[in-house]
Amino acid sequence: MSTIRFVTGDGLPAFLTFLARNGRRVLVPVEKPAVKSSTVFETWSEGKPFSLQKATVPAKSAVLPQCETLIRYKKSKNPDNPSEVSLNLDDTPEATPTVVFACRPCDARGYAVLDRPFLHGPYADPYYRARREALTVITLTCSKGCDTCFCHWTGGGPSSPEGSDVLMTAVDDGYVLQAITTAGKELLNASSLPDGAERFPLAEEARKRAWASLAPAPDLKDVPQKVASRFSDMPFWLHWTERCLSCGACTYFCPTCYCFTITDEGEAMSARGGRRLRSWDNCMSALFTREASGHNPRLSKAQRMRNRVSHKYATYPENWGTFSCSGCGRCIGNCPVGLDIREIVLACVRHSSDIAQETQER
Amino acid sequence: MASKTSSSSTDLQTRQISKPATDISMRHTLSPRPMMPGNPYLPMPATVTEIIPETANIKTLRVVLEDDERMRDFKFQPGQVGQISVFGVGEATFVINSPPSQKAYLQFSVMRAGEVTAAIHKLSPGDKVGVRAPLGNHFPWQEWKGKSLFLVGGGIGMAPIRTIMLHLLEQKGDYGKISLLYGARSPRDMAYAYEMPAWLDNPDLDATFCIDQPFDGWSHKVGLIPNILLELKPNPQNCVAVLCGPPIMIKFTVQALEKLGFPPESIVTTLEKRMKCGIGICGRCNIGGRYVCVDGPVFTWKQLQELPPEI
Ligand code: SF4
Ligand code: FES
């Protein structure tokens, strides 16, 4: 039996205080009222109001910040011989012990998607590793799906534990916390929360109700092959990107997108030096693959959409055996022109004769 | 991360929960190759020791790693690339075009095209740069033993050909005939012009040079590479063709080689893509599910035929 604890709604701030001990950074969803209100992860401090809503932007930046320093470079002089200069490079990763509190299962699965290329590919990324090792994920399971949720299509679900250290499920009088990993178990054991084993059946009931609220998922077993075989069907991709603005909102809000760029900021051979930065990039932008010669292998937005959808549903599965989409639906909800990746994936699967007909109808 | 589920989970949950994707190994393995140790993003500080102007827009630079021990222990295979950093401007990728036997320096030839290459062109001996190397795969020269080689370099594409050619010539005994066809727009566009007389004189090498248009004082062939190739008619029997150059040259040269009877697995080329990380993560250089920075830059034509057409 795994470690199970219980916390009341009123007890959450005290639990957050416990989590924030020893300088730990606790990221919580915070509501931002505006014309278009949003919920974003922010560092919690005593007394700060927080929310348990699904965040507008996933907490991906806990492991992959929007912008981070890879290397600090500066010129250094040999004190004995000042005419002798050398390059001083500092690559120390910055990683604060962090707890992500109340993300959703689709966000937590995002970490599992990122872990593969960043930790298990031909090279391990030391910056990502430092942050990931310092991260504990407490995930709030969802009580129901919404109309853009499709986590269960992609191998997840409203109570999927993948990527989480602790699963937290709302029951009538509070929350049941279930340790998933050793790190989660140690964290719960160190807390003063009471045992929650007797309420665990209630949590299971709630999880079951959440599952039942989802419309049945289509069979996506053959999707990697089907999407791959669409590669050369340019009319298909043109059709599906007609409205796309190449704005990149879909990649920005995605818990699994990880394309990045590397740029330098600041003169090198100065005493002040500068920094080499890594920043999120956007494969939907025309500049992403533009070469110095001017040649661009993904010049059209149709080619870029093809790459985005193929990466999530064909080539990442080819390399890692699983989709790199966790079905959170944020790309659907945030696309200014209402493009829906589910429709594109399903259209890939549909028989080619239907497509021929569709093309005629267009 | 291992997942643990409660034994009392309902069927509905266990079906979904008990099978998280815990298999986290990559589905294909990379060919063995020398790799950069340590933080793969951290360049090795290096000093420019020599700048050789080649053409109006190509310069060759020789660099030496600042750390003597790392310089001495530096190992690479012909065809592997390096990222050169000009701090404050950025990084760009070039093949190491000196042969692995050259232990005194690493040589790169750089055509001015963008910001980083322009900054490299402004370097002088003594300047500090960073080097991330070796990256990528290499020419499978071990598999070519006993075969003849027909090497084709077009323009700056002569750089990777230079490293593999010099490497093969050092062990000529293991190979059949080694031929080189090197072409450029005009004699003024030919890098390594100062080495060409020695290549012609080398009894182990059958070298042919060509330019696109007649030019005063040019005593070699005139014509496009694919046409000269058809004229030379290399025998595809037990022969590997290696070609590097601009995409348009590759396209027509492959057609010519196919006409001559070279099978796709005996045609080897290198690809260039915009790169950032160089280690298969940043998502910039992929063709379908393969990343040019780790699965390439060296591919056989057969391998390329099996990838989606996105070059
Ligand atoms: S959010 Fe919509 S419009 Fe913007 S790039 Fe993505 S698909 Fe295109
Ligand atoms: S250069 Fe980053 S993936 Fe190849």
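Note that this is a predicted model, so its numbers are computed, not measured.

**Details of the overall build of chain B**
- When its secondary structure is counted, chain B shows 9 helices and 15 strands.
- When the backbone C-alpha atoms are referred to their principal axes, chain B occupies close to 85 × 50 × 35 Å.
- For chain B, the proportion of its 311 residues judged to be buried stands at 56%.
- When the accessible surface of chain B is split by element, carbon and sulfur atoms take 52% of a total near 13000 Å².
- A gap of 5 Å separates the mean positions of the 32 positive and 29 negative side-chain charges of chain B.

**Notes on the nonpolar core**
- By size, the foremost hydrophobic cluster in this structure holds 86 residues, and its most contacted members are W144(B), L180(B) and W199(B).
- Counting residues per element, this core draws most heavily on helix α4 (residues 158-170) of chain B, which supplies 8 residues.
- Of the residues that make up this core, three or more belong to each of domain 1 (23-135) and domain 2 (141-305) of chain B.
- Beyond its immediate stretch of four places on either side in the chain, L180(B) contacts L151(B), M158(B), I161(B), M165(B), W199(B), L205(B), D206(B), A207(B), T208(B) and F209(B).
- Membership of the second largest hydrophobic core comes to 30 residues, among which are F236(A), M284(A), A347(A) and C348(A).

**Focus on the packing of helix α7 (residues 234-241) of chain A against helix α9 (residues 301-320) of chain A**
All names here are of chain A.
- Interhelical geometry of α7 versus α9 gives an angle of 95° and a closest axis separation of 8 Å. The angle between α7 and α9 falls in the class roughly perpendicular. Only K301, A302, Q303, M305, R306 and V309 of α9 make contact with α7, whose side of the interface consists of M234, W237, L238, W240 and T241.
- Considering only residue class, the contact of α7 with α9 consists of 7 nonpolar, 2 polar and 2 charged.

**A closer look at the domain arrangement of chain B**
All names here are of chain B.
- Partitioning chain B into domains gives domain 1 (23-135) and domain 2 (141-305).
- Just the C-alpha atoms count here: the centres of domain 1 and domain 2 sit 21 Å apart.
- Each side of the interface is counted separately: domain 1 has 30 residues, and domain 2 has 27 residues.
- Between domain 1 and domain 2 the total buried area reaches about 2200 Å² when both faces are included, carbon and sulfur atoms providing 56% of it.

Rules used in this analysis
Residues numbered from 1 in each chain as written. Chains lettered and ligands numbered in written order. Predicted model: local features only at pLDDT ≥ 70, side-chain atom pairs only at ≥ 80, totals over all residues. Heavy atoms only, no water. Helix = DSSP H or I, 4+ residues; strand = E, 2+ residues; numbered from the N terminus. Buried < 20%, exposed > 50% of the residue type's maximum accessible area, 1.4 Å probe, protein only. Areas by Shrake-Rupley, 256 points an atom, 1.4 Å probe, with all protein chains shown as cover. Lys, Arg positive; Asp, Glu negative; His and termini not counted. Charge placed at Lys NZ, Arg CZ, Asp CG, Glu CD. Core = buried A, V, L, I, M, F, W, Y, C linked by side-chain atoms within 4.5 Å. Domains from an automatic or database assignment. Contact = heavy atoms within 4.5 Å. Axes fitted to C-alpha atoms, helices over the stretch in contact; angles between N-to-C directions. Parallel < 35°, antiparallel > 145°, perpendicular 65-115°, else oblique. Nonpolar A, V, L, I, M, F, W, Y, C, P; charged D, E, K, R; others polar. Buried area = accessible area lost by both parts, 1.4 Å probe.

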